[in-house]
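Geometric and topological summary
Here are the chains, one letter per residue:
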Amino acid sequence: MVWTGTWVAERLGVELIGDESLPALLGLALRRNPKRAHLLVSSVLGKHVPQRPSVVYGSGLDLGRRVRALLGDEEASRSVVLGYAETATALGHAVADGLGLAPYLHSTRRPVDGIAGAGGFEESHSHATSHLLLPEDPKLLAGDGPLVLVDDEFSTGNTVLNTVRALHERYPRDRYVVVALVDMRSPADLGRLDAFAAEIGARVDLISGAAGTVRLPEGVLEKGQALVAAHEAAYQPAPAPGATPVRVALDWPDGVPDGGRHGFTPEHRERLEAALPALADRVGQALDGARRPLVLGFEELMYAPLRLGTALEDAGHEIRYSTTTRSPVLAVDDPGYAIRTRLVFPAHDDPADGPGERYAYNVAGAGFDAVVLVVDSTADTPALHAPDGLLAQLAAHIPRVVLAVVPSYAPPTASPYPPQVTEAPERSSMLPEPLRGPAFSSYAPEEVGWLLQDLSDVELEAPTEEREEAIQSGGAHYAESLPVEYQPSDRYQELFRTALEASAARIARAVGTVTETVLAERPGRRPVLVSLARAGTPVGVLMRRWAQARHGLDLPHYAVSIVRGRGIDANALRWLAAHHDPADVVFVDGWTGKGAITRELAEAVKEFEATEGITGFDPEIAVLADPGSCVRTYGTREDFLIPSACLNSTVSGLISRTVLRADLVGPDDFHGGKFYRELAGADVSNDFLDAVAARFDEVGEDVDTDVKELLAADRTPTWEGWAAVERISEEYGIHDVNLVKPGVGETTRVLLRRVPWKILAKRGADADLAHVRLLAEQRGVPVEVVDELPYSCVGLIHPQYTRGATGADGRTVASQ
């Protein structure tokens, strides 16, 4: 018999090495996925390859019994089993059945209204990465008994290790058991499990059905993509006249969940076992004597159809079982290839990630004379019954089609709050829940969630002169290190408080105007504020406070990193897309200078959409002040002193500017940031917010007038500021627009973080420049008064600054 991995192995040079049983358990196919070329196709999982239900269920049962033998009955009764969607939902359930004493939960990609989340995770190499944990019982994961994690394949180990790391921080326990059908770790990965267990101070065991590894030659991804492109027009059997689907009524036991999405207890298992013979009898009658039927499950709904299949098999039917999937895989009609045929149909369960293609593999042309399609009631939609829907696709290839609908389980104790995702499991890496105060930042936890990783313990600060030399010489990017935090003098702090008192109402008016404009532009929707850390974050908090005070709206607010020349944090966008409609996201910043970040964001979102296939983000930025005329949504276009620009972290929740450095931020990590807890005594972050919010009521009428005028006006950006910057760059012989920082906010940053050359001050703008003049005096920087400036001031970075070596590697500051 030909091994179903032969076709790929011969063309790509992929080798399967390990136990003698591996070729019988695994075949190979090609993914239609830019992140990974090959797909290990299990013959006993029941996902892509139809298999006898008893074989699929028995594989999981055997693993569960081994887990029970490992733990002993006492520990097994304290354990919880967690399976990964979508491929391992039934496998994890079968493991829990074999264990016999433990409740079961699987992750899901389907948010459920009113169900609060206990966690979530990402699969970076998957085509659809975002998972949620939505247990009905919030205490399900909170016990201290063993946690048993089940997936079909243990490859690099990243997914499982990241899952354990995240859950261990939230629900610490002494023991974990990792279960997989196959352990395919490379020799380099084999020691990581023991090292990880020692790191977290817990025991981590691994149980698998077989072990081996995949040897991939150099360039396999590019070769695989070329093969997919060459064979995309794969063979599909010619459709036969369509059969009329028959619906069978299932007497599903009341209160028994359709699967483990919200948890499944041993008591649920007993009730389902008792009901299975009668359920199978109903389905068997609807098969009308079919000799070779298939039970076809639906994406995450794998366990219910699998158990119907085992009951039909027990009743004497020659049955096979598989499920539909989200995974895009190339089909090639060759006996040495694991995916022979592919049916393509539109999603029919109103998924959170929007419409898209779904697939059924090895169903058409496989000789089945009947198919029992099992879906839950949520997925029994018009799209399922449409002319191009799954039922029509099946009817075109199989003489008899039976539809069995299992009622979707809705927990009776649903929380009134929407799901909130937290930490994460495996497959490549996990995106954790947002960082919140007081653990990270001095803001209240509900004010903002930081989509950053905490680098507070890393030494990143370098002297200003060293940073400037490294940045201008090209030896380092500005985001690779941090400036030493400026500690303001008593005179400067007094200036800040005076400026805040004088400008609080002006800022409040701008906050109200930009917030009301955002709401007016999105009637009937609930915006998700996403501030660009860190200058945008105080503005995002104030916009959130305005919406709450004026309209009773509790707007979500997150802070993300964007880096000039590097773009926005793509992992943060993935997280946002997984938990919110991208169309609801409103990017927020403090002010515009010449518009570099505005352009950066537009390019980054465009690239993200092309790379990830996730659309809907609007790259338009809403800002408090737009003196450069770079955006359409703003509170004012005047260039005035916003006191939050006067200081660094001590007015921004004690958070540093964001960091992006390859040795600290991996491809699956959020960008980094530091929490300067030691500066708490000088923190005025909440003083600033409270002072502005206290003026909301008095500016209400002015805001209403401003918004009415703005919405009726032509707000098309003129990019006046960019033109001025280009002119100044040439007039002063700088020849680099990146060294010209226009506006009060940007000029302040130059004086606090960079090596300033000179300050250009607009004649007559002295009222907003007291702090600028003070900082310039302290640093010995000349202030030149000029006319015809569209900004109150412009800061010029020294264009030819040199200063020797800049760190241990001659490029940037070394981390300690």
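Fair warning: this is a prediction, and the values are worked out from it, not measured in the lab.

A word on the sheet that holds strand 31 (residues 756-762). Taken together, four strands build an open sheet; the order of strands is 30-33-31-32 and the sheet is mixed. Every other strand in the sheet has two partners, leaving strand 30 (740-742) and strand 32 (783-786) as the edge strands with one partner each. Strand-to-strand twist in this sheet, taken as the mean axis angle between neighbours without regard to direction, amounts to 20 degrees. Note: strand 31 against strand 33 (residues 793-797), five bridges, orientation antiparallel. From the neighbouring strand, Ile759 faces strand 33, where its bridge partner is Gly795. Contacting strand 30, strand 31 and strand 33, helix 19 (residues 720-731) crosses the sheet at an angle of about 140 degrees to strand 30.

Moving on to the packing of helix 4 (residues 89-99) against helix 9 (residues 303-314). Remark: helix 4 packs on helix 9, axes separated minimally by 9 Å, with the N-to-C direction vectors making an angle of 60 degrees. With respect to each other, helix 4 and helix 9 are oriented oblique. Two packed elements cross with a definite hand, and for helix 4 against helix 9 that hand is right-handed. Here Ala90, His93 and Asp97 of helix 4 come into contact with helix 9, specifically with Tyr303, Leu306 and Arg307. A breakdown of the residues in the contact of helix 4 with helix 9 according to their chemical character gives three nonpolar, one polar and two charged.

Take Asp205: it is sitting in strand 10 (residues 203-215). Reaching out from Asp205, the side chain makes a polar contact with the side chain of Arg203 at a distance of 2.8 Å. Excluding residues that lie within four positions of it along the chain, Asp205 makes contacts with Leu70, Arg175, Tyr176, Val177 and Val178.

This paragraph deals with the side chain of Ser652. Structurally, the position occupied by Ser652 is in the loop between strand 28 (633-636) and strand 29 (672-673). Overall, Ser652 belongs to the buried group, its relative accessible area being 5%. Look past the residues within four positions of Ser652 in its chain and what remains in contact with it is Tyr443, Trp450, Arg534, Pro538 and Ser685.

Attention now goes to unusual backbone geometry. Backbone torsion omega between Ala85 and Glu86 reads -5 degrees, so that peptide bond is classified as cis. Tracing the sequence through the fold places Glu86 in the loop between strand 4 (80-83) and helix 4. Residue Pro438 is bonded to the preceding Gly437 through a cis peptide linkage, with omega at 0 degrees. Examined against the element boundaries, Pro438 turns out to sit in the loop between strand 17 (401-406) and strand 18 (449-450).

The subject of this paragraph is the confidence of the model for the protein chain. For the protein chain, per-residue confidence averages 84 on the pLDDT scale, and residues scoring 70 or more make up 87% of the total. Here residues 470-476 is modelled with pLDDT under 50, and outside its nearest four sequence neighbours on either side it reaches 17 contacts, counting other chains as well. This model gives residues 802-816 a pLDDT under 50, and the stretch forms 30 contacts once residues within four places in sequence are excluded.

Quick notes on the rules
- Residues numbered from 1 in each chain as written.
- Predicted model: local features only at pLDDT ≥ 70, side-chain atom pairs only at ≥ 80, totals over all residues.
- Heavy atoms only, no water.
- Pairing = 2+ DSSP bridges.
- Helix = DSSP H or I, 4+ residues; strand = E, 2+ residues; numbered from the N terminus.
- Axes fitted to C-alpha atoms, helices over the stretch in contact; angles between N-to-C directions.
- Contact = heavy atoms within 4.5 Å.
- Parallel < 35°, antiparallel > 145°, perpendicular 65-115°, else oblique.
- Left-handed = near helix turned anticlockwise from the far one by under 90°.
- Nonpolar A, V, L, I, M, F, W, Y, C, P; charged D, E, K, R; others polar.
- Polar contact = N/O pair within 3.5 Å; in protein donor to acceptor, adjacent residues only side chain to side chain.
- Buried < 20%, exposed > 50% of the residue type's maximum accessible area, 1.4 Å probe, protein only.
- pLDDT = per-residue confidence, 0-100.

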